[in-house]
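# Structural characterization, general
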Amino acid sequence: MDIEEYQQLGLSIKGSRNVREILRNKNLKSIIDNTTDAIAIYDLDGKILYTNSTFGDIFGWKFRDISKNHTTIPRDEIDIFRNILNQAKSGKTIRNYKYKSRSRRLHKNGTVIHVMITALPLYKKNGEIGAILEMFSEITDRDIEKSDTDKGDLYSKIVEKSSDGIFIIRNGVIEFTNSAMEKIFGYSNGQMIGMEFLDLIVNENKAIIWEIHRRVLSNEYAPSYEVRALKKDGVEIVVEIS
C-alpha cells in the first residue's frame, strides 16, 4: 500500500495549532513514538510542531530546542528542505528523497548524519493541507535497498492499529480492508475483499457515495458524509465516510 492512500484514509489533523489531535489515538502515538525512524511535523512555514522520541535519539535535540530553528539542516541543504516542503504543500508525497544519493542532517554535536527522507501532507477537516510530516531514516549503504520495505511495514501497522474502518476500492470493488472495517460490518478476515462496495450502502444513499468517489478521482475536495449502510446480517447502521 502506498503512502498516498494513507493521506486520505488515515492521517488528518485539525490545523497546526491542534497537531496533538493526530496523536490522541494511543496506539498510533505509540507506533510513532517507538518507530526506529525520526518523525517531525512542520507547519506550512517550516516551523517544527512535533518530534517523536526517536528524533531526539538520532539527532540529539529535544523538541523545546529544535522547535526554535532548523539547526539540523546544513546550510547547503536549506533550499532542498524548502523544495521538499513546497512539494508536500502542493499535495505531493515525496518518498525516499535523496540528494547526491543521500540527504544530510546535523547531530547536535555537529556530526553529519546521512538520512533518507519521506514527506507527506496532513489534511485538515475542510480538505486543506494543514501541516507536513517528514520521516527520517538513518542509512548506511546496505540500508538504501531495504528502505521502501521498512516504510511499508510501518504504514501497515498504523492502518491495522486504527480504530476507524479503512478500505480501498478500485472500480467499485473492495481491494483492502483493515480489521476495524471488518468488525464494523460484521465480516471475518478477508471476507469483504472482492465485494462491490455499493452493496454495503442502502439504495437511497448510493448517489452520495458515487459523488464522493467522483470527487476523489478528480482530486476535488470531498467532505465527510453520514450514510446508512448494511452489516453482513442485514442490520442497518450509520457510518461516516470521508
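So, here is what we can say about the structure in this document. Owing to the predicted nature of the structure, the values given are computational and were not obtained by experimental measurement. (Residues numbered from 1 in each chain as written. Predicted model: local features only at pLDDT ≥ 70, side-chain atom pairs only at ≥ 80, totals over all residues. Heavy atoms only, no water.)

Here the focus is the overall build of the protein. Looking only at helices and strands, the protein features eight helices and ten strands. Buried positions account for 44% of the 242 residues belonging to the protein. If you take every contact in the protein between residues at least 6 apart in sequence, the share linking residues at least 24 apart comes to 47%. Summing over all exposed atoms, the protein offers an accessible surface of approximately 13200 Å²; the carbon and sulfur share of this is 46%. (Helix = DSSP H or I, 4+ residues; strand = E, 2+ residues; numbered from the N terminus. Buried < 20%, exposed > 50% of the residue type's maximum accessible area, 1.4 Å probe, protein only. Contact = heavy atoms within 4.5 Å. Areas by Shrake-Rupley, 256 points an atom, 1.4 Å probe, with all protein chains shown as cover.)

Moving on, we come to the environment of Tyr-225. In this structure, Tyr-225 sits in strand β9 (residues 225-230). A relative accessible area of 29% means that Tyr-225 is categorised as partly exposed. On a C-alpha basis, the gap between Tyr-225 and Ile-208 in space is 8.0 Å, while along the polypeptide they are 17 residues apart. Residues contacting Tyr-225, with those up to four places away along its chain left out, are Ile-208, Ile-212, Val-239, Glu-240 and Ile-241.

Attention shifts here to the pattern of salt bridges. Scanning the entire structure with this criterion turns up five salt bridges. With a shortest N-O distance of 3.4 Å, Glu-77 and Arg-104 are connected by a salt bridge. Taken together, the residues span a long stretch of sequence, with Glu-77 in the loop between α4 (63-66) and α5 (78-89) and Arg-104 in strand β4 (residues 103-106) at a distance of 27 residues. Of the charged contacts, one joins Glu-77 and Arg-105 as a salt bridge, the two residues approaching to 3.3 Å between their closest N and O atoms. Of the two residues, Glu-77 is situated in the loop between α4 and α5 and Arg-105 in strand β4; the sequence distance between them amounts to 28 residues. Both residues of the pair, Glu-77 and Arg-105, belong to the buried class. Here the salt bridges share partners, and the residues they tie into one network are Asp-76, Glu-77, Arg-104 and Arg-105. (Salt bridge = Lys/Arg side-chain N within 4 Å of Asp/Glu carboxyl O.)

The subject of this paragraph is helix α8 (residues 206-217). Over its twelve residues, α8 extends 17 Å from the first C-alpha to the last, a length consistent with the 16 Å expected when each residue adds 1.5 Å. Taken together, the buried positions of α8 are Ile-209, Ile-212 and His-213. Seen along its axis, α8 keeps its buried residues to an arc of 100°; they face one direction. Exposed residues on α8 whose side chains face more than 90 degrees from its buried face are Ala-207 and Trp-210. Looking at the buried positions of α8, the neighbouring elements they touch are β7 (167-170), β9 and β10 (236-241). (Expected span 1.5 Å × (residues − 1). Arc of directions from axis to C-beta.)

Function cannot be read off these values alone, since they describe shape.
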